[in-house]
Amino acid sequence: MSNKPWHLNRRTFLRSTAGVSLSLPFLECMGAGEIAKNGPKRMCAVYFPYGASLPKNDSPDANWSWMPNGEGRDFTFNNSLKSLEPFQNDLTVFKGLSHPNGRKMGGHDTADIWLTGAQFKGGNFRNSTSIDQLAAQHFGETTRYSSLTMSTDGGVGEPTRSSTLSFGRNGQPVPAHNRPRLIFDRFFGINADSMKSQRQELKTSGSMLDLLLDHSKSVRKNLGHQDQQKFDEYLESVRSIEKRVDRSQRWLDIPKPEVDASKLHLDSDESTPAEYIRTMYDLIFLAFQTDSTRVATYQLGNMNGATSVAGQFPQLLGFGNKIHSLAHGWNKTGGAEKLGKWDQYLAEQLAHFLTRLKETPEADGSMLDSTIVLYGSSNSNTHNNNDYPLLLAGGSKLGLNHGQFLKFSKDTPLTNLHVTMLNRLGVPTEGFVDSTGELAEIVA
Amino acid sequence: MISLRSIVSTIACVSASTCLAQVPDFETDVRPIIEKHCAKCHGPEKQKSKVRLDTLSTDLISDRPAAETWHDALNAINLGEMPPEDEPELSSEDRKILTTWIRGTLKSAIAAQKSTGGEVIMRRLNRMEYQNTMTDLLGIKADYGKNLPPDTPSEDGFKNNGAALSMSPLQLEYYLASAREGLSRAIVSGPPPEKIKITTTESTKKSNRENSTNRLGYSGSFVGKFLEFPDEGAFIIRVKARAELVEGKAFPRLKATFGYRADTQTPSAELGEIDIISSEATTYEFRGRMEQFPVQSRTQSKYPGQLVMLENAFDDGIKRKDKRTIEKEVEVKNKKGKVQIKKQKQTEWIEHDDVPKIVIDSVEFEGPIYKSWPPEHHTRIFLPSANRENGELIYAQEIVGNFMTRAYRRPVEKTEVQSMLRLYTKIRPTSATFEDAIRDTLALVLVSPDFLYLVEPETGDGKAKTALTDHELASRLSYFLWSTMPDAALFEAASNGELRAPKKLATQIDRMLAHEKSWQFVEQFTNQWLDLASVDRVAVNPDYYADWDDIIKPSMQAETRHFFAEILRHDLSALNFIDSDFAMLNEPMARHYGIKNGPRGNAFERVTLPADSPRGGLMTQASVLLGNSTGEDSHPILRAVWIRERLLNDPPAPPPPNVPPLESEDPNFAKLSVRKQLEIHRNDPACDDCHRGIDPWGIALENFNAIGNWRTEIRRKNGKKFITQPAEAQTELPGGHTIDGVADLQDFLKEHRKDQFARAIVARLTGYALGRNLEFTDESELDALTEQFSEADYQLRPLIYGIANSDLFQTK
């Protein structure tokens, strides 16, 4: 049995759950015998802004193209994705996919709809549910948290400049966490209070929220029409944390997994990008490994050129310019290489994450086999809303057929990939927004 | 119903008082162009791509599909896709009319859709307001908002806009946790904790790698260790120190950090910085609360004791060596006991005579400090009252009612109190103590909408606007000028109906502006209006600026805040924002600007600028210049957009999708000056439409490099080498006015754009005061305010009176 520090101690686990009937979290991390044959199905989506370096094949900088050379099963990576070579058979790279609804939007506007595909323009910026949240709703009660939403900029940002990839039931943005310490405390932090006082506190919270809901409804009556609409966000939030308190009560007896924080840079922030990005990936990995959640999204940077704190990452790491400027310069002399090196750096971070998934055994394979990782952007190169750089890794046990470089025409909407992902995750989906079917090429 | 036409023309004016960008008329100006260029393929005969333009609705407010089609058409024109290659090109003039009409009409349609009819959308307290309000309400300073997700700003960059601020389950969850934590702190139990008072005179040393000393120079730190310490409560650390000053150099600066937790490796947190100005031993005080700092674990710590770290933060921009390795001969006994002389390497710390020093005599820790027990923050909840003897429930009623009145910022009805007491009644039987049950009940108050939002219930029929209640007015005023809840005096003035008379209102405003809390207004408004956070988003490239140190960034931002505060508090003309003969500087900023004989300390002082200084006004401040640069060079477009948006309230249209990069066939393009590059860029008519109105504003500032220093030459990397070019700041402003450099630009603004600038400040300040987007229905009141503003010599105080007295502010 592994002695990894984040593995639960089986004894404590059993003692505290004795006599309690619960839908238990996945047990692999304890090395228990009664493991479901296939590990839990998980998904993660990681987004980078402003697209990638895509010099033409005949350009002197062609080897800095994000897209591989070749097609189908016969393809080789260029410099940018070189670090993903060990995963060539665990992933598929896509060319040509994009959201038709995004093609009419402004160049900076499309991060909002990367996982939703929504029609999102004119004055009416109402988004719809993102695929990760659909999956989260489906997996529902099986984990302590239904999803982990992260971004470098944090919060929700503003419509067309979203700082989150995740949108809930009514298209309400789900605020993204951006501080590693806070995420860690939430997922793995040990509450020093006694079990009894925690239970008491949750019980009180339950009564509180009941009354609050009553009270808020009477407040609502006295509001003007427009305020009422705004106020519904509040009511919805009260209802939602009522459910969460309920859920916490049921999870109270199951100790939070113990995780070794010493190798994590929990106090890293936007001024230390190398540690920060690494830590964000590590947190997703740990959340998955401990089965604290099965759904995670991470937006590396939003497309609010002027205000994104992630903008200066490449500057701080020695890549010379802000992300936005690098992206703008991709077809200037030497620009493809400059942006390509940044693409390369980001791919290396992804490779680190995939390596951890792949090196962690689960059931009769690795964690990567049952984790679908979507990675990419919603621009091809700067401000161009076609032909997104995208790749899908992992999930071979979920019925994905990898090891391909697939090219599509504009007629295939990106939502076909979304539908394919959802179905493989066991979230039965016939159609999603403007989808026209599944991507049969990647279905095993 | 107001006609579309009138909306269109008025909205154009909201952003630009001079109405520079008049939207053309469709029938007379636009239709002929469409007939001529588009109708062949998108007209009665053919409808390529199913698009017909000549009959397409121009009412973009009610006809959404038409708006979409016009939007597509705009993009196609901008991209040069339409008209197609085999058709005659649009003339520059026609293209401009067409795109201006589509853009303007779309913009007004969007504005109309977003319009709230001039109503403030129920405003949630933003993170800073929440932080301040909790602090004032509970009487304990702590970081209440630390876990809340960042707030969404409005289009104008304001973070107090009701429509933009949202609520989410996560947010509410943290409000609840924060309320519980804060109340647990405010409510105490048991006998008064014992006060600890310890003095240390010696620095603790953990390893030889540290220069542990009482004499702090370029290197060196004093680490005070206190083996006894409380877990919570306020404390004071008194440092007795003296300075060894150096003629002509800044004061040494004592930087204190406090707390370190070994087992979790939680780093210490900053306690404060103070200039040490006297050569006489003087006692300097730092105050804090234990809860805000990492507190050493008492059980399993390898390094027991609570630590305070003192350093000399003196910085004159000169980088020095702090240590060298020396070889010293030492006597060593070998195994046989024989004495040998061996050479050993040792670190020697270098003293620099030109660095002023701080000598630490002693450091004293005192805490927890309570003026009384139970402390005031407890007794303001558990009031001394006769009801204490009348049974718990009656006393609870009084406590909760009193707390609600302050939390809701208005008198509360008995029924409201009863409704909160339902929780108390429910949980009291299972709560360990009376205090516990009260704490949870008050936590419920703190997550109620009445606390978290500025609730202004509808009183009329919902159609016409109605007057605010006195307490609603007090709250608006308080969040405007203090970013927090009304204090007792303002609350009382509201209760006595004293805020309606303009004179009494002015008295309150004067009192509020004189209060230290008004710094919260200065900080919030200046940060958001001028986007001072931009400074944090630019990383300066050390290849270009070898001496650069990020440590100056906070001073740059502070300069601008102090500049605003100086103009506000001394009733100076707001035209000083354009150009001034003084600057607000501290030592680092004066050094950065090369201003001699300026302040010696870190405090900001008013400095009269030398006649030959290019400084004066916002546009010459490093915060603005750096924030709108690339970190290597200036960014004339960003600077231009900043001027048009922030100073003239006339933001240019956002760039169209799929912008072609700034590039040219010319192999020497990279070697051209920015001004020349931009000229080439404007050769493309699609770019020129907008950019001739943008670029010149930024080019005028070309004499300032990325970090805001004056330059006559631009250094730029070409390959691995640096090349230089002359800085070119001569340009032609829209309207044909030729200027050369920042001084000309300032003169131009003062002479020709004074009204627009005044109007911009009025709009920004009013938008901030109201917490909502301005709309065309606000026009006439904004006009009136602008007129008053100019009559009052552009002083901000009378403008604040005017805003507070306006119908915009006083109705809902």
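About the criteria used
Residues numbered from 1 in each chain as written. Chains lettered and ligands numbered in written order. Predicted model: local features only at pLDDT ≥ 70, side-chain atom pairs only at ≥ 80, totals over all residues. Helix = DSSP H or I, 4+ residues; strand = E, 2+ residues; numbered from the N terminus. Contact = placed C-beta atoms within 7 Å. Pairing = 2+ DSSP bridges. Axes fitted to C-alpha atoms, helices over the stretch in contact; angles between N-to-C directions. Core = buried A, V, L, I, M, F, W, Y, C linked by C-beta atoms within 7 Å. Buried ≥ 20, exposed ≤ 12 C-beta atoms within 10 Å, placed from the backbone. Nonpolar A, V, L, I, M, F, W, Y, C, P; charged D, E, K, R; others polar.

A description of the overall build of chain B should follow, citing residues and the corresponding values.
A tally of helices and strands in chain B yields 28 helices and 19 strands. With the C-alpha coordinates of chain B rotated into their principal frame, the extents come out at 105 × 80 × 50 Å. Within chain B, residue pairs in contact and separated by at least 24 positions form 70% of the contacts whose partners lie at least 6 positions apart.

A description of the sheet that holds strand 9 (residues 306-312) of chain B should follow, citing residues and the corresponding values.
Consider a sheet: its strands pair through backbone hydrogen bonds, and that pairing is either parallel or antiparallel. Residue and element names in this part refer to chain B. Across the sheet, which stays open at both edges, the 4 strands sit in the order 4-9-6-7 with antiparallel pairing between neighbours. Looking at the sheet topology across the chains shown, the edges are occupied by strand 4 (221-226) and strand 7 (269-275). The average undirected angle you get between the axes of adjacent strands in this sheet is 20°. Of the pairings in the sheet, the one linking strand 4 to strand 9 comprises 6 bridges and is antiparallel in character. Residue pairing for strand 9: Ser-221 is matched across the bridge by Glu-311.

Before we move on, could you go through the nonpolar core and cite the residues and values that matter?
Within the largest apolar cluster, 151 residues are counted, with the highest numbers of intra-cluster contacts made by B:Val400, B:Val445, B:Val447 and B:Val762. A per-element tally of this core places helix 25 (residues 754-770) of chain B first, with 10 residues. Discounting chain neighbours no more than four positions away, the residues touching B:Val447 are A:Leu212, B:Leu172, B:Tyr175, B:Leu176, B:Ala179 and B:Leu452. Within the second largest apolar cluster, 99 residues are counted, among which are A:Leu115, A:Phe139, A:Leu148 and A:Phe288.

Please give an account of the environment of B:Asn718 that cites residues and values.
One can find B:Asn718 in strand 16 (residues 713-718). Using a count of 10 C-beta atoms within 10 Å as the deciding quantity, one classes B:Asn718 as exposed.

I'd like a description of the pairing of strand 16 of chain B, backed by residues and values.
Residue and element names in this part refer to chain B. The pairing of strand 16 with strand 17 (residues 721-726) spans 6 bridges and is antiparallel. When the sheet's bridge partners are listed, Arg-716 is paired in strand 17 with Ile-723. Taking the residues that link successive antiparallel strands as the turn, the strand 16-strand 17 hairpin has 2 residues, and the phi of Gly-719 there is positive, at about 70°.

How would you explain the interface of chain B and chain A if you had to name every residue and give the values?
Taken together, the contact pairs 58 residues of chain B with 56 residues of chain A. Elements represented by at least two residues in the side of chain B that touches chain A include exactly helix 4 (64-78), helix 5 (92-114), helix 7 (169-186), helix 10 (414-427), helix 11 (434-446) and helix 12 (449-452) of chain B. Tallied by class, residues from the side of chain B that touches chain A come to 29 nonpolar, 15 polar and 14 charged.

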